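Topology and contacts: notes
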Amino acid sequence: MGTTINRSRRLLTVTLVAVSAGIVGCRETIPTSLDDAQLPGEPLTLEIELDWNQFGSGLEVFGGYGKPQELGAGIIAESYAGTLSARTLVRFAEYPTKASVVDATGTTREDDDLTYIGGRVMAWFDSDASTNTGPVDLVLGAVQQEWDGGTVNWSSAVDSVGVDIPWVEVGGGPVSVVDTATWDPAEGDTISFLVDSAQIAAWGDSSDKTRGARIELVTPGERLFMHAAFLHVTTRSSINPDTVLILTTPADQATFIYDHVSQPPANGVRVGGTPSWRTVLDLTMPDELTGPPELCAAAGCPFAISPQDVSFAGLSLRSRVTEDAAFQPSDSMRLDVRAVLSRDALPKSPLGESLIQNPFGTVIPGDFFGLQDGQLVEVPITSFVRDLLSEPEVSGRDRPNTLALISKAEPSSFAFASFHGPGSSMEPMLKLILTVSRPMELP
Amino acid sequence: MRSYLASLTLALACCAASVSGQSIFNSAGVGLPVEALDGRARALGSFGIGLPGASLLPADPGGAGRLLFPTGVFSAQPTWAEYTEDGSSEIRDSQGGRFPLIGMAYPVFGGTATIQLTSFLDQNFSGERPVTVDLGGVPAEAADYFRQDGSVSTILFGYGRYILPNTSLGLNIGRYAGTVERRLARDFGDTTGSGDVADYETRGLWSYSGEVISAGLSSDLSSLIRVAASATWSSGLGAQATEQTTGVNRSFSIPLQLMVGASVRLSPGLIVVASATSADWSQIEKDLVSGAKARATRGFGVGLELSQARVLGKEAPLRVGYRSTQLPFTLRSGVVQERIFSGGLALTLNETDGVVLATTDLAVERGQRSGGSITEDFWRGTVSVRLASF
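Presented here is an overview of the structure given in this document.

Thresholds, definitions, all that
- Residues numbered from 1 in each chain as written.
- Chains lettered and ligands numbered in written order.
- Predicted model: local features only at pLDDT ≥ 70, side-chain atom pairs only at ≥ 80, totals over all residues.
- Heavy atoms only, no water.
- Helix = DSSP H or I, 4+ residues; strand = E, 2+ residues; numbered from the N terminus.
- Rg over C-alpha atoms; globule rule 2.2 N^0.38 Å.
- Buried < 20%, exposed > 50% of the residue type's maximum accessible area, 1.4 Å probe, protein only.
- Contact = heavy atoms within 4.5 Å.
- Lys, Arg positive; Asp, Glu negative; His and termini not counted.
- Charge placed at Lys NZ, Arg CZ, Asp CG, Glu CD.
- Areas by Shrake-Rupley, 256 points an atom, 1.4 Å probe, with all protein chains shown as cover.
- Salt bridge = Lys/Arg side-chain N within 4 Å of Asp/Glu carboxyl O.
- Phe/Tyr/Trp six-rings, centres within 6.5 Å; stacked < 30°, edge-to-face > 60°.
- Lys NZ or Arg CZ within 6 Å of the ring centre and 35° of its normal.
- Pairing = 2+ DSSP bridges.
- Axes fitted to C-alpha atoms, helices over the stretch in contact; angles between N-to-C directions.
- 1 Å grid on protein atoms, 1.4 Å probe; cavity = no way out; pocket = protein on both sides within 12 Å on 5 of 7 lines; lining within 4 Å.
- Points joined across faces, edges and corners; volume = space filled by probe spheres on them.
- Nonpolar A, V, L, I, M, F, W, Y, C, P; charged D, E, K, R; others polar.
- Polar contact = N/O pair within 3.5 Å; in protein donor to acceptor, adjacent residues only side chain to side chain.
- Disulfide = S-S within 2.5 Å.

Of the regular secondary structure elements, chain B holds 2 helices and 22 strands. Taking 21 Å as the expected radius of gyration for a compact globule of 390 residues, we find that chain B reaches 23 Å, a close match to that expectation. Each principal axis of the C-alpha distribution contributes one length, and for chain B these read about 80 × 45 × 45 Å. By the burial criterion, 55% of the 390 residues in chain B qualify as buried. Contacts in chain B between residues far apart in sequence, at least 24 positions, make up 64% of those at least 6 positions apart. Positive and negative charge centroids in chain B, built from 31 and 35 side chains respectively, lie 9 Å apart.

Here it is, written out as structure tokens:
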């Protein structure tokens, strides 16, 4: 009897558990309405633009972010736009001291007694970012004076705190000429300079602080962008003297110096360059909107904007011809925008994360700053505007209302981007895409 | 005993689980009425009133007075539905589960006290529509997505007892409960090409309240015939908007619902049951700002039970039924008619000294709802477990 009851209880338990699990575990598919009549009314999505004086203030341009060495490239120019000369300095790393060589018996052995008998400096250019379309002449020289890659500039070989050692001759000179070469973009992106054994030996002394190569442009009126330079050292093996090896030595330090420093614009927006420029501006969102009529019809006016109403916010900038032609972009520019976390700490304020979802930032064709003056560039700042419209933080701190327009990396280009500033006919504007609806109601 | 409690606890916990809607007609008016029935009533095509034996169903308050032992009942109900529109070859489907009835009864003061958690309205549905938005004079494609998650249930406290040797009277008093959330989102895709356009969303959340009272009488006219009737009155269904909801509070008139039922024992192993219901939902139409239409509804159901059938040597009553009823809310226009053929059986899980202490009732229904230009075919299963004297 007891066994029967226990068996029945077990059966009941299993039934309950199975039924419950079965119902809950069933795949759920919610019915989908066949027409729109059961759905709430359509929200209205519309675009509005706010003039600068409706949202912007406090526009300032700051410079000096980053160093030429951090660009990771070389700039070479001669009287470009009549004002700019630039030279690239390279200090090569220590030479390789070992190589694998096949001896007379056919066995591969490591040779650590190499003889350096000459070499070539290879320079790799970016033809898109360089201004020349025809051949240009370049000179490779050996620097004769101690210099510091992190602080060197046109007039000083070393310019660190408390130490200023000027060049004997401004522009990184004098140098002893090593070789000359011609770069014709139609024939390729790379040129080579021949280096004799004596210069190879000199550059092989890693304790020599004057060690370095200077590449300068002879042809006037051009500006070249050099990706990299490296040294091919030609060596003879001690194991098999008939074997000549070419070993590659990368640049240990590479930087550039130039003789024209641009001044910040009196009225305008500037971003990029080396060192980089930043433009900061304050945003104040209007408490309420009184138009346009379709907004008032859909949601009533005055309309108080709430964060969720903002589907998109973008800073609308108009490109302008670079005011200093020497720094006019010849390649695309990459723009970023971040919140300034402490306005009072400018120009050294920390910045927030990028507001642009595209990892490459807002990419702008270089032509926008030349022939195509006045082109519209939209920088998305949706999350920033939504935050600005949100309630204050729990801590009571105000949310940042200052934006910094910067280049995607600082520095990322020698040239900088210029835009029309407040007060001009093409001043910055704030584009808003708003989506509004009547209150959600029950049927 | 512990096993029973564990099972019941699990079952109650499952009730809190998220479940989807069961019909496209959930989107009509304030939802689709979902009756709180067990497997036996479903199999017999009944509205849950006037059934033979003892039962614990909210439609039959008087029947609770017949319960001699402490009793619990739990019902689960999966549904698979397909619906289509006239002239369209597209067939859509939905499926989901419900726990329409959980009840407990305990003999006290010469009668039986009850507590029941029951379903009342199912409101889950979704919808989407493509839209073209004008962005500075440039048309851009976007899409609106709508979803409504909600249901109305009732919690009822009742008491029933014999007022005559063959007649019992019952009364249930309770409240509506539940919530409904409505969310509308607009997805812009990559309208600007920058990936920086944020989706728009607006939502509202309401909680339901309201009082409901039902009274019923169940009488055995003879040893062969039982009749029962009940009436359910409601103060109205209130929907209270939460603080963050921009929409307003609402109130919906819920009509008086009348039910009658009877069962007749035609022979020792053959019982026929019948029931009918009526409610005038048209009064709620003035409360619907969406312009949805509501109608008076009537329905009837008939069924047959072979009570002495046996399966695997044990008594396992077999049941068949048919019911036809109208739904109160329409999609577009016309009357929505629901017709169901049903069948099922009962399995005795525990019988001690000739007293059935635990049974499970299984029902399978094949039905169709049609109204306006929409037709929905569905399969619905019901599994209920009834425990006594635990």
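On we go.
Right, let's get into the overall build of chain A. Per the secondary structure count, chain A includes 5 helices and 25 strands. When the backbone C-alpha atoms are referred to their principal axes, chain A occupies close to 100 × 85 × 45 Å. By sequence separation, contacts in chain A at least 24 residues apart represent 77% of the contacts at least 6 residues apart. Working note: accessible area of chain A is about 19600 Å², and carbon and sulfur atoms make up 50% of it. Distance between charge centroids for chain A: 10 Å, based on 29 positive and 57 negative side chains.

Let us now look at the pattern of salt bridges. For the structure shown, the criterion picks out 35 salt bridges over all chains. As a salt-bridge pair, E216 of chain A and R214 of chain A come within 2.4 Å of each other at their nearest N and O atoms. Exposure class is identical for E216 of chain A and R214 of chain A. Each is buried. R183 of chain B is the salt-bridge partner of D149 of chain B, the closest N and O atoms lying 3.2 Å from each other. Placement of the pair is D149 of chain B in strand β6 (residues 138-164) and R183 of chain B in strand β8 (residues 179-187), with a sequence separation of 34 residues. Given a relative accessible area of 25%, R183 of chain B falls into the partly exposed group.

With that settled, the discussion passes to the packing of aromatic side chains. Residues and elements named next belong to chain A. All chains considered together, the criterion is met by 19 aromatic pairs over all chains. When the centroid spacing of 5.5 Å and the interplanar angle of 80° are considered together, the rings of F369 and F419 count as edge-to-face. One end of the pair, F369, is in the loop between β21 (362-364) and β22 (376-380); the other, F419, is in strand β24 (residues 416-419), and 50 residues separate them in sequence. Across from the ring centre of W147, 4.1 Å away, lies the NZ or CZ of R91, which sits over that ring.

Our focus in this paragraph is the sheet that holds β22 of chain A. Residues and elements named next belong to chain A. Read across the open sheet, the 4 strands follow the order β1-β25-β18-β22; overall the sheet is antiparallel. Each edge of the open sheet carries a strand with a single partner, namely β1 (44-50) and β22. Strand-to-strand, the axes of this sheet are offset by a mean angle of 25°, without reference to chain direction. Contacting β18 (310-318), β22 and β25 (429-436), helix α5 (residues 382-389) crosses the sheet at an angle of about 120° to β18.

Residues and elements named next belong to chain B. Here the largest pocket defines a volume of roughly 800 Å³. As for the largest pocket, its lining consists of 30 residues, and the residues nearest its centre are R40, G53, A54, V356 and R386. When residues of the lining of the largest pocket are traced back to their parent elements, those giving at least two are β20 (336-352), β21 (355-371) and β22 (374-388). Counting residues per element, the lining of the largest pocket draws most heavily on β21, at 6 residues. Looking at side-chain class alone, the lining of the largest pocket contains 15 nonpolar, 6 polar and 9 charged residues.

Residues and elements named next belong to chain B. Positionally, R40 belongs in helix α2 (residues 39-43). Here R40 sits buried without a salt bridge, and the closest side chain of opposite charge, D38, lies 4.8 Å off (N-O distance). Side-chain polar atoms of R40 contact the backbone oxygen of P52, separated by 2.5 Å.

The next thing to look at is the pairing of strand β10 (residues 211-220) of chain B. All names here are of chain B. Where strand β7 (residues 167-177) meets β10, 9 bridges bridge the pair, whose relative direction is antiparallel. Within β10, the position partnered with L171 by the bridge is A215. Where β10 meets strand β11 (residues 225-234), 9 bridges bridge the pair, whose relative direction is antiparallel. The partner of L217 across the bridge, within β11, is A229. Between β10 and the antiparallel strand that follows it, β11, lie 4 residues.

To continue, consider the state of the cysteines. All names here are of chain A. Considering all chains together, one arrives at 1 disulfide over all chains under this definition. With a sulfur-sulfur separation of 1.9 Å, C296 is cross-linked through a disulfide to C301. Here the S-S torsion is close to -85°, and the disulfide linking C296 with C301 is therefore left-handed. On the accessibility criterion, C301 (34% relative accessible area) is partly exposed.

Residue and element names in this part refer to chain B. Turning to its location among the elements, R295 is positioned in the loop between β15 (270-280) and β16 (296-306). Residue R295 is classed as partly exposed on the basis of its relative accessible area, which comes to 31%. For the pair R295 and Q283, spaced 12 residues apart in the sequence, the C-alpha separation amounts to 8.2 Å. Leaving out residues up to four positions away in the same chain, R295 has contacts with W281, S282, P328, T330, G334 and V335.

Interpretation note: all reported values are geometric properties and have no functional meaning in isolation.
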